[in-house]
Amino acid sequence: MLSVTEDNRLKKLLVVGDRVLIKPKNPSDKTTSGLYLPPTVAEKEEVQSGYVLKVGPGYPLPGLDEDEPWKSKAVKYMPLQAEEGDVAIYLQRHAVEIQYEGERYVILPQSAILLLERAEDLF
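Since the model is a prediction, treat every value here as computed from it, not as a measurement. (Residues numbered from 1 in each chain as written. Predicted model: local features only at pLDDT ≥ 70, side-chain atom pairs only at ≥ 80, totals over all residues. Heavy atoms only, no water.)

*Asks:* Residue-level account of the environment of Ala 112, with values.
*Replies:* Its location among the elements puts Ala 112 in the loop between β7 (103-109) and β8 (113-117). Assessed through its relative accessible area of 1%, Ala 112 is described here as buried. Sequence separation between Ala 112 and Tyr 90 is 22 residues; the distance between their C-alpha atoms is 5.6 Å. Apart from the residues lying within four places of it in its own chain, the contact partners of Ala 112 are Ile 89, Tyr 90, Leu 91 and His 94. (Helix = DSSP H or I, 4+ residues; strand = E, 2+ residues; numbered from the N terminus. Buried < 20%, exposed > 50% of the residue type's maximum accessible area, 1.4 Å probe, protein only. Contact = heavy atoms within 4.5 Å.)

Okay, here's the thing in structure tokens:
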């Protein structure tokens, strides 16, 4: 499992708003019957999965106590459900693929995530 640590090169990246940075899992390049698929077919699958590496601060909330909210300097955010270390299943059509220091990542809004798997005890 991938995680962001102090010595990790991803610490320089800041994810903006309701966006999530994901390291895609390597899709299977082989069908169940044993046929090998070209990379273009595997990338066009509608639903993908990957590891959540970084999350943005969330959805900005308006300042309700001021008459002129644009003058407020402190912005409050509603945090996202996704957390670093989660496994996300997401819609590929909403993902933007980027290359950063030779690695492939995707950035997508939290609304494109269908399911999160968290490795913590619920009981």
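*Asks:* Break down the sheet that holds β8 for me, citing the residues and quoting the values.
*Replies:* Across a sheet, strands are paired by hydrogen bonds formed along the backbone, either parallel or antiparallel in direction. Within the open sheet, the 6 strands sit side by side as β6-β7-β1-β2-β5-β8. Their pairing is antiparallel. The sheet is open, and its two borders are formed by β6 (96-100) and β8, each paired with just one other strand. Across the sheet, the axes of successive neighbouring strands diverge by a mean angle of 40°, strand direction being ignored. Relative to strand β5 (residues 87-91), strand β2 (residues 47-55) runs antiparallel, the two being bridged by 5 bridges. Note that in β5 the partner of Gly 50 across the bridge is Ala 88. (Pairing = 2+ DSSP bridges. Axes fitted to C-alpha atoms, helices over the stretch in contact; angles between N-to-C directions.)

Function cannot be read off these values alone, since they describe shape.
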